[in-house]
Amino acid sequence: MRYDTDILVVGGGINGAGIARDAAGRGLSVTLCEQDDLAAHTSSASTKLIHGGLRYLEQYEFRLVAKALAEREVILRLAPHITWPLLFVLPHESHLRPAWMIRLGLLLYDSLGAGHRSLADSHAVDLQQHVSGEPLKDTYSRGFVYSDGWVQDARLVVLNAMDAARRGADIRVQVRCVEAHVEAGAWLAQLQGLDGRQQTLRARTLVNACGPWAGSFLADVLGRRERRKVRLVKGSHIVLPRLFDHDYAYIFQQPDRRIVFAIPYETAYTLIGTTDVDYDADPASVHIEADERQYLCDAVSRYFRVPVRVEDVVWSYSGVRPLLDEDGDASAVSRDYHVELDTAQGALLLNVFGGKITTYRRLGEEAVDQLTAALGADRPAWTEHGDPLPGGDFADAERVVAAWSQRWPWLPVALAHRWLRHYGTCAAILLGDAACLDDLGQHFGAQLYQREVDYLVCHEWARTSEDILWRRTKLGLRTNDDERRRLQDYLDTAVPRLTGESPHQTARSPA
Ligand SMILES: Cc1cc2nc3c(=O)[nH]c(=O)nc-3n(C[C@H](O)[C@H](O)[C@H](O)COP(=O)(O)OP(=O)(O)OC[C@H]3O[C@@H](n4cnc5c(N)ncnc54)[C@H](O)[C@@H]3O)c2cc1C
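Residues numbered from 1 in each chain as written. Predicted model: local features only at pLDDT ≥ 70, side-chain atom pairs only at ≥ 80, totals over all residues. Heavy atoms only, no water.

Let's talk about the site of the ligand
For step 1, the next point in the chain: Around the ligand, 37 residues are found, and the nearest of them are E34, S43, L49, G355 and T358.
For step 2, the next point in the chain: Note that an oxygen atom of the ligand is positioned 2.9 Å from one of the side-chain N or O atoms of N15.
For step 3, the next point in the chain: Here an oxygen atom of the ligand and a backbone polar atom of G355 are 2.7 Å apart.
For step 4, the next point in the chain: Considered on its own, the ligand offers 1000 Å² of accessible surface; in the complex 97% of this is hidden by protein.
For step 5, the next point in the chain: Among the secondary structure elements, those contributing two or more residues to the shell around the ligand are α1 (14-25), β2 (30-34), β8 (176-183), β11 (231-241) and β16 (315-323).
For step 6, the next point in the chain: It is β16 that provides the largest number of residues to the shell around the ligand, a total of three residues.
For step 7, the next point in the chain: Grouping the constituent residues of the shell around the ligand by class yields 14 nonpolar, 18 polar and five charged. (Near = heavy atom within 4 Å. Polar contact = N/O pair within 3.5 Å; in protein donor to acceptor, adjacent residues only side chain to side chain. Areas by Shrake-Rupley, 256 points an atom, 1.4 Å probe, with all protein chains shown as cover. Helix = DSSP H or I, 4+ residues; strand = E, 2+ residues; numbered from the N terminus. Nonpolar A, V, L, I, M, F, W, Y, C, P; charged D, E, K, R; others polar.)

Structure representation (structure tokens):
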């Protein structure tokens, strides 16, 4: 039988993009469809940590923590441009958890990550002397420092999609899978673009990587009767002008036994999160509530000398965690994943439930292992030790920037550093034959020039100003309404010109 594609992946979050990359690298033909932008939903709304999850030790999730710590190391190697190590300070509060318990937890965390760890071990610090003690209230005298990793979550998704495409995958954004059924052993999927036009795709296997929509995809798109519920838990973050002058992040214990992070963000800001609230509305319309904003301000004001006020919040975002369906407190539900192969309809369906950004590569590998085994195709796993993600093929970041300043001496240093942290060595494609700053074209405010915008449209599937300002970059924090409007006006004509797509396909207005 002839198929249009071996695998149709529905969902362009981290799990869909990771599966597409892995499968394309094993020589399978792959189509991925995403109804909005890549990483438009949960995968751009995380705390952006590649971590084992210190707090999961209290829930005895040792297997998950060890798996995630091993992956932390792999991702730092795969994507050295968009990831970096981060040191966390945990101020000690004896009435919340005794010091011996924290020491033991950190020792366990260090040792579960041992064997594949390039990051520093944990240690105790005197907060009266240590730089991280400066913004804290005097009552905090003792603290503990440990390591984890940071990742630009939405960029991780895009780089996986880019690499999948380089290996032959067909990546389609703003395309929704509205119906799929099995006919003569193949999936016939209806894919619908923004203009309402539908195309039928004949796929050998179907992957449900719909994140918070994984349950409704089964019920509404595939028409399955049995209910597979994903537990949806909302988490919100707030962003404020920088609250402290050093590079350490904080992990603050709360009286409700939750923890809240305060993390240096985009140079001039501090990111604070998160909340855990059960959620049953449309995942696409998730937003922060006033009581969550207040909760987060109160949570960090418990520790900082200068109270953090709701009116100082400059930006917030919310996402929905698609967790395994378990009872109990929202913050205690397992963050592990479940990959399930289903043959009930006469053709292979693979469902993804739960997961973390940190474990996406392992999840992708397990998913494609299961698919290749079921298809009788012997294609070995490759992503753990394979090539880095696009732009990540360098060892020394400073040497890359030094080489650029030789070749493009007019390039502002701050811009070079931002591009290194976004595009790595792919920035050379973006710079191309530019011979002076004017050659970067129209300026849209902050550090955003036309060349970068065109690159994002041509190579990273950006279609709207929102895609560019809040996911491919975070320049939305530094641009005003007028600059954002000018960018959208430019995109309204540039996207059809650069991609050949008709204007009505690109008419999604920015939020
Ligand atoms: C507040 C918060 C903090 C977090 N912090 C961390 C962290 O620090 N570290 C960490 O490792 N993890 C973290 N996570 C978890 C992590 O973000 C998620 O596990 C992960 O992003 C889920 O990815 P996904 O691909 O499954 O879902 P998504 O990113 O939501 O992707 C699913 C995609 O499917 C698309 N889709 C759905 N239906 C269709 C259809 N019919 N047709 C086409 N497309 C469709 C959607 O548009 C969506 O883009 C956090 C999560 C939250 C909410």
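So, helix α11 (residues 450-460)
For step 1, the next point in the chain: Residues E452, V453, D454, Y455, L456, V457 and E460 constitute the buried set of α11.
For step 2, the next point in the chain: In this structure, the buried side of α11 is in contact with α4 (153-166), α9 (413-423), α10 (427-431), α12 (465-472) and α13 (481-499). (Buried < 20%, exposed > 50% of the residue type's maximum accessible area, 1.4 Å probe, protein only. Contact = heavy atoms within 4.5 Å.)

Structural notes on the packing of aromatic side chains
Aromatic ring pairs are reported here in terms of the distance separating the ring centres and the angle at which the planes meet.
For step 1, the next point in the chain: A complete count under the given rule lists 16 aromatic pairs for this structure.
For step 2, the next point in the chain: Taking the centre distance of 5.1 Å and the plane angle of 15 degrees together, the rings of Y250 and F252 count as stacked. With respect to burial, Y250 and F252 carry one shared label: buried.
For step 3, the next point in the chain: Relative to W470, the ring of W315 lies with its centre 4.3 Å away and its plane at 20 degrees, an arrangement referred to as stacked. On the criterion of sequence distance, the pair formed by W315 in strand β16 and W470 in helix α12 is long-range, its members being 155 residues apart.
For step 4, the next point in the chain: A residue is classified by how much of its surface remains accessible, and W315, at 18% relative accessible area, is buried.
For step 5, the next point in the chain: A connected cluster of aromatic rings, assembled from ring pairs, spans Y140, F244, Y250, F252, Y303 and F304. (Phe/Tyr/Trp six-rings, centres within 6.5 Å; stacked < 30°, edge-to-face > 60°.)

All we've got here are geometric facts, nothing functional implied.
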